[in-house]
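Structural features, examined
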Amino acid sequence: LGHRRIAFVGVQRDVTVREPRRHVVVLPENDTELALAGFRQALLDAGTPAPEAWLCRAVITEAETSIRSLFRGAERPTALVCWHVKSNLDARRVVVECGLRVPEQVSVCQVTGQALFQESGETLICYDMRQVLELALERLKQLIEEPEMPPRISQIVPVIRAGNTSAAAPGV
């Protein structure tokens, strides 16, 4: 869509579940730093690095303030990638409150594990759930067969499902 000024809006939640035995489980929403690293790399690969001020990481209750700060300066993003459903909702509301229009002036998309929300018409960056489940089953089999083996890192390539919250960059 031609966007070259893209911001990341992630939330950090202190949600760690400790099992009484030997595992510490960090819920997927806590992967903000991993998502941000992937976002940074994708922008670098595309030759459009984002200013550090456009890489928002806030606790969930402060996401709105963080998003609002993106639109205070003269140089504003034309697209927001939101790592959490609340930051996505906050982003769309803040854009409108700043006197801008979604998607004509600012595109907003949400990163999600699946396209369950596609009926709402939002633009989503989502994963092929079949691939996710296949990897989960593979990992479960590995844990059963070799419980002490450290998990391997697998990469799942996301798919963009365009909807009514994204459009071509202004002026493109």
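Residues numbered from 1 in each chain as written. Predicted model: local features only at pLDDT ≥ 70, side-chain atom pairs only at ≥ 80, totals over all residues. Heavy atoms only, no water.

**Re the overall build of the chain**
Secondary structure assignment for the chain yields four helices and eight strands. The N-to-C order of helical and strand elements in the chain reads β-β-β-α-β-α-β-α-β-β-α-β. Out of the 172 residues in the chain, the part that is buried amounts to 32%. Relative to all contacts within the chain whose residues are 6 or more apart in sequence, the contacts with residues 24 or more apart total 65%. Summed over all atoms, the accessible surface of the chain reaches about 10600 Å², with 57% contributed by carbon and sulfur. (Helix = DSSP H or I, 4+ residues; strand = E, 2+ residues; numbered from the N terminus. Buried < 20%, exposed > 50% of the residue type's maximum accessible area, 1.4 Å probe, protein only. Contact = heavy atoms within 4.5 Å. Areas by Shrake-Rupley, 256 points an atom, 1.4 Å probe, with all protein chains shown as cover.)

**Description of a nonpolar patch on the surface**
A cluster of nonpolar side chains, contributed by L137, L140 and I144, occupies part of the molecular surface with about 330 Å² of accessible area. For L137, a relative accessible area of 57% puts it in the exposed group. (Patch = residues over 30% accessible without salt bridge, like charges linked within 9 Å, V, L, I, M, F, W, Y side chains within 5 Å. Salt bridge = Lys/Arg side-chain N within 4 Å of Asp/Glu carboxyl O.)

**Description of the sheet that holds strand 1 (residues 6-12)**
Spatial ordering of the open sheet is given by 4-1-5-6-7-8, a layout of six strands whose pairing is mixed. The open sheet terminates on both sides in strands that have one partner only, identified here as strand 4 (55-59) and strand 8 (159-161). Each adjacent strand pair in this sheet contributes to an overall mean axis angle of 20 degrees, direction not counted. As defined by bridge partners, strand 5 (residues 79-82) adjoins strand 6 (residues 107-111) across four bridges and the pair is classed as parallel. Along strand 6, the bridge assignment pairs C82 with Q110. Packing of helix 2 (residues 63-70) onto the sheet brings it into contact with strand 1, strand 4 and strand 5, and relative to strand 4 it is tilted by some 160 degrees. Contacts from helix 3 (residues 85-97) reach strand 1, strand 5 and strand 6 within the one sheet, and its direction differs from that of strand 6 by about 170 degrees. (Pairing = 2+ DSSP bridges. Axes fitted to C-alpha atoms, helices over the stretch in contact; angles between N-to-C directions.)

**Examining the side chain of H84**
Considering the arrangement of structural elements, one finds H84 in the loop between strand 5 and helix 3. What makes H84 buried here is its relative accessible area of 10%. Polar contacts involving the side chain of H84 include one to the main-chain amide nitrogen of K86, which spans 2.9 Å. (Polar contact = N/O pair within 3.5 Å; in protein donor to acceptor, adjacent residues only side chain to side chain.)

**Here's the deal with the confidence of the model for the chain**
Across the chain, pLDDT averages 81, with 85% of residues at or above 70. Confidence scores differ between elements of the chain, with strand 3 (residues 24-26) showing the lowest mean pLDDT of 42 and strand 5 the highest of 94. Taken together, the stretch residues 15-29 has pLDDT below 50 and engages in 18 contacts with residues farther than four places along the chain or on a different chain. (pLDDT = per-residue confidence, 0-100.)

**Quick word on the pairing of strand 1**
Consecutive side chains of a regular strand alternate in pointing toward one face of the sheet and then the other. Burial analysis of strand 1 places six of its seven residues in the buried class, the great majority of the element. As paired elements, strand 1 and strand 4 share five bridges and run parallel to each other. From the neighbouring strand, Q12 faces strand 4, where its bridge partner is V59.

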